[in-house]
Amino acid sequence: MAWYDEAIFYHIYPLGLLGAPKENSYDGVTHRLKELDPWINHIKEIGCNALYIGPLFESVGHGYETTDYRKLDSRLGDNKDLKRFVKKCHDKGIRVILDGVFNHTGRDFFAFKDIKENRENSRYKDWYCNVNFGGNNEYNDGFSYDNWGGFNLLVKLNQRNPEVKDYICDTIRFWVSEFDIDGLRLDAADVLDFDFMKALRAVANEVKPEFWLMGEVIHGDYTRWVNEGTLHSVTNYVMHKALYSGHNDHNYFEIAHTQRWLDGMGGSSGQGFKLYNFVDNHDVERIFTKLSNKAHFTPVHILLYTLPGIPSIYYGSEFAIEGRKEKLSDASLRPALNIKDYKDSVKNNPATKLVAALGKVRSETPELSYGDYKELHLQNRQYAFSRNYDGRSVVVTVNNDDNDCMLTLPAGNSVEYVGALFGERITVNNGCIQVCVKANSGEIWVPAEKGNKKKKLVELQTITEAGKISDASENKGASGTKEKNDTHSDIKGTEADSHTEREDFETASEVTAESNPVIESKMDSAGISEKNSEAKSISDSKGTYEEGVIAGLQEAILAIMEKNGYVTDQMRNDVYNNTHHDSLVNWVKSFIR
């Protein structure tokens, strides 16, 4: 048993939360990181015991085009600020993992700058993949190179070069010795070299007991990455998609079948892998935005905290704030927030109250961290399963219907169960419990200990209203000072989600999926093919079916491109001028290979 087996994560995108400028001018240090201090108490208050924060290191824009791996981004502070922040987290019992962006660097990274200056004579020319001095690019470098996702802003590192491998491994050692971090989230792990990841695992085993490696992987056989020789965990994008679309479509079969698929990889036994579960993050729309019925916030989060895996809350979503992925900006997914605006949220905001209660139940119920999973009941609108560990059985029930429902379910060895959230007590009769699952809600039924007078943690409330987003998000820095808009304000975050304005290209995603099942898996994992009537009405309003397909494919391509950096007018025109279906489908495929 390691600390991460019982982890409940809180996820912060610091450049957004702290209102940092979109572009780094490299002209000084602004100590914004210290303004995260009040968030530490909040993280603890809602029951989280681990923090994933990143990207953190010096970069020119969104944080994933690294300039210096060993220097905190000057828009956030300096290395002393980060060291102090990690210690404050540790003092509160919160583990800290950072973003490790090792697939690519930015163009301001020292090795790439040396290539630009010394060309063929640069000792770093083999640090990157396929540097070709007979080629050129849009920057007029006089040479070409491999990149990530088709964007030369992100220069692909040659992870098979021993010098690169040693440099990155030494960087991890530096981060541990300097900041005392507890693990890494490996950006774009699905395109990292496997031998390179094995070298990172060897360093993880060396630098600190229980140093955790979690990789960003969209889809595929997760056991390729999660095993004794490579990573400890990966992002569970398939369950992310199932959690919201399973509720929007009133289809618990999607969630249950996704869990069965994961079971086939060994993901439900107490000793199996534990994936990183989430309902939103810095690259996908907020869960409160994605849900057609906002009342489903409750059953979605009950499942997040009870299905096999490690749950994570993205900053602000515990307040049920909205965040829609826009065509030209990810800013709404990464707003600046002022914690003072939410100081009484655990008492007054039903969404925050629910998340805090779930954190408490999870931390007090080892079955939810270590227990085997067993499906007990499955219908479109009701779903029940148990988590079984050390002779005890915890039963989870959820209901996505607008009416209450009675369920009779097999129970464990206990004579009585109690609802961990709402406090109802149920007697076991003939080995079963009969429970009323409230409309658009759920419960976690735990064995009632002798003499246990467990009280309900929350009042049963229907969550229907979005939380308020701080005024700080209105283009202001953490200090409250208005930030000047820069010319590259559309620079995007990278890697995780390949969708934008999903209503606009629902039809296109279906056609693309028919063309190639790999694309279907990628798009489904990212949430592109969500079904709802609003999507159909929007698509129908834009012209003929064929025009909608072409427009959707164009938007899909631009969405993937925009994640990785600034999109020029010429690049945008190239996409819109291509109106050939097969060509556009192949263009989408090229990003996924």
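Cut-off values and rules
Residues numbered from 1 in each chain as written. Predicted model: local features only at pLDDT ≥ 70, side-chain atom pairs only at ≥ 80, totals over all residues. Heavy atoms only, no water. Core = buried A, V, L, I, M, F, W, Y, C linked by side-chain atoms within 4.5 Å. Buried < 20%, exposed > 50% of the residue type's maximum accessible area, 1.4 Å probe, protein only. Helix = DSSP H or I, 4+ residues; strand = E, 2+ residues; numbered from the N terminus. Contact = heavy atoms within 4.5 Å. Pairing = 2+ DSSP bridges. Axes fitted to C-alpha atoms, helices over the stretch in contact; angles between N-to-C directions. Phe/Tyr/Trp six-rings, centres within 6.5 Å; stacked < 30°, edge-to-face > 60°. Salt bridge = Lys/Arg side-chain N within 4 Å of Asp/Glu carboxyl O. pLDDT = per-residue confidence, 0-100. Expected span 1.5 Å × (residues − 1). Polar contact = N/O pair within 3.5 Å; in protein donor to acceptor, adjacent residues only side chain to side chain.

**Details of the nonpolar core**
Then, number 1: Formed by 143 residues in total, the largest nonpolar core has its most connected members in Phe9, Tyr10, Phe102, Leu184, Phe297, Tyr383 and Ile444.
Then, number 2: Take this core: its biggest share by element is 8 residues, from helix α5 (residues 162–179).
Then, number 3: Once residues lying within four places of it in the same chain are set aside, the contact partners of Leu184 are Ile97, Leu98, Phe102, Ile172, Trp175, Phe211, Trp212, Leu213 and Met214.
Then, number 4: Membership of the second largest hydrophobic core comes to 12 residues, among which are Val395, Ile426, Ile433 and Val437.

**Here's the deal with unusual backbone geometry**
Then, number 1: The amide bond that connects Gly54 to the next residue, Pro55, takes the cis arrangement and shows omega of 0 degrees.
Then, number 2: Relative to the helices and strands, Pro55 resides in the loop between β2 (50–53) and β3 (57–59).
Then, number 3: Positioned with a positive phi, Tyr26 is a non-glycine residue whose angle comes to about 55 degrees.
Then, number 4: Topologically, Tyr26 is positioned in the loop between α1 (14–17) and α2 (37–45).
Then, number 5: Even without being glycine, Asn140 reaches a positive phi, approximately 55 degrees.
Then, number 6: Examined against the element boundaries, Asn140 turns out to sit in the loop between α4 (110–118) and β7 (147–148).

**A look at the sheet that holds strand β9 (residues 183–186)**
Then, number 1: With parallel pairing, 8 strands are arranged side by side in an open sheet as β11-β10-β9-β5-β2-β1-β13-β12. The sheet is open, and its two edges are formed by β11 (233–234) and β12 (276–277), each paired on a single side.
Then, number 2: Judged from the 3 bridges that link them, strand β1 (residues 9–12) and strand β13 (residues 310–314) form a sheet pairing that is parallel. Paired with His11 across the bridge in β13 is Tyr314.
Then, number 3: Each of β12 and β13 touches helix α10 (residues 297–306); the most contacted strand, β13, lies at about 135 degrees to it.

**Considering the sheet that holds strand β8 (residues 151–156)**
Then, number 1: In spatial order, the strands read β6-β8-β7; together these 3 strands make up an open sheet with antiparallel pairing. In this open sheet, the two strands that pair with only one neighbour each are β6 (104–105) and β7.
Then, number 2: In this structure, β7 lies alongside β8, joined through 2 bridges in antiparallel fashion. Residue pairing for β8: Asn147 is matched across the bridge by Val155.

**Some points on the packing of aromatic side chains**
Between two aromatic rings, the relevant description is the distance of the centres plus the angle of the planes.
Then, number 1: Scanning the entire structure with this criterion turns up 37 aromatic pairs.
Then, number 2: Considering the side-chain rings of Phe133 and Phe143, the 5.6 Å spacing of their centres and the 55 degrees angle between planes classify their relative orientation as tilted. Placement of the pair is Phe133 in the loop between α4 and β7 and Phe143 in the loop between α4 and β7, with a sequence separation of 10 residues. Here the two residues Phe133 and Phe143 agree in accessibility, since each one is buried.
Then, number 3: Chaining the aromatic ring pairs together yields one cluster made of Phe57, Tyr69, Phe102, Phe109, Phe110, Tyr124, Trp127, Tyr167, Phe174, Trp175 and Phe179.

**A few points about the pattern of salt bridges**
Then, number 1: Overall, the coordinates contain 28 salt bridges when judged by the stated rule.
Then, number 2: In this structure, Arg185 engages Asp99 in a salt bridge whose closest nitrogen and oxygen atoms are separated by 2.8 Å. Residue Arg185 is found in strand β9, and its partner Asp99 is found in strand β5 (residues 95–100); the two are separated by 86 residues along the sequence. Just as Arg185 is buried, Asp99 falls in that class too.
Then, number 3: The salt bridge involving Arg160 is made with Asp195; its shortest N-O contact spans 3.4 Å. Here Arg160 is found in the loop between β8 and α5, whereas its partner Asp195 is found in helix α6 (residues 194–207), with 35 residues between them in sequence.
Then, number 4: Judged by its relative accessible area of 55%, Arg160 falls in the exposed class.
Then, number 5: Among the ionic contacts, a cluster of salt bridges with common partners joins Arg95, Asp180, Asp182 and Lys208.

**Concerning the confidence of the model for the chain**
Then, number 1: Summarising the model, the chain shows a mean pLDDT of 85, and 82% of its residues fall at 70 or more.
Then, number 2: Here residues 473–543 is a poorly scored stretch, pLDDT under 50, and it has 180 contacts once near neighbours within four places are set aside; other chains count.

**Some remarks on the environment of Asn577**
Then, number 1: Within the secondary structure, Asn577 is located in helix α18 (residues 569–577).
Then, number 2: It is 9.4 Å that separates the C-alpha atoms of Asn577 and Gln554, two residues lying 23 residues apart in sequence.

**Some remarks on α10**
Then, number 1: Of all 10 residues in α10, 10 are buried, a share of seventy percent or more.
Then, number 2: Of the positions making up α10, those classed as buried are Phe297, Thr298, Pro299, Val300, His301, Ile302, Leu303, Leu304, Tyr305 and Thr306.

**Concerning helix α8 (residues 252–263)**
Then, number 1: End to end, α8 covers 16 Å across 12 residues, agreeing with the expected 16 Å (1.5 Å per residue, within 8%).
Then, number 2: Residues of α8 that are buried include every one of Tyr252, Glu254, Ile255, Ala256, Thr258, Gln259 and Leu262, and no others.
Then, number 3: Turning to α8, the residues buried within the fold contact α7 (237–248), α10, β14 (372–378), β15 (382–389) and β16 (392–399).

**Some details on the side chain of Thr171**
Then, number 1: Following the sequence through the fold, Thr171 ends up in helix α5.
Then, number 2: Of the polar contacts made by the side chain of Thr171, one reaches the backbone oxygen of Tyr167; its length is 2.9 Å.
Then, number 3: Among residues more than four places away in sequence, those in contact with Thr171 are Tyr69 and Arg70.

**Describing the pairing of β13**
Then, number 1: With 5 of its 5 residues buried, β13 lies for the most part within the structure.
Then, number 2: Burial of the side chains of β13 extends over both faces: Ile310, Ser312 and Tyr314 are buried on one face and Pro311 and Ile313 on the other.
Then, number 3: Summarising the sheet, β12 and β13 pair through 2 bridges and their orientation is parallel. Residue pairing for β13: Asn277 is matched across the bridge by Pro311.

**What to know about the pairing of β2**
Then, number 1: Burial along β2 is two-sided: Ala50 and Tyr52 facing one way and Leu51 and Ile53 facing the other are all buried.
Then, number 2: One ladder, built from 4 bridges, connects β2 with β5; its direction is parallel. Considered in β5, the bridge of Ile53 is made with Leu98.

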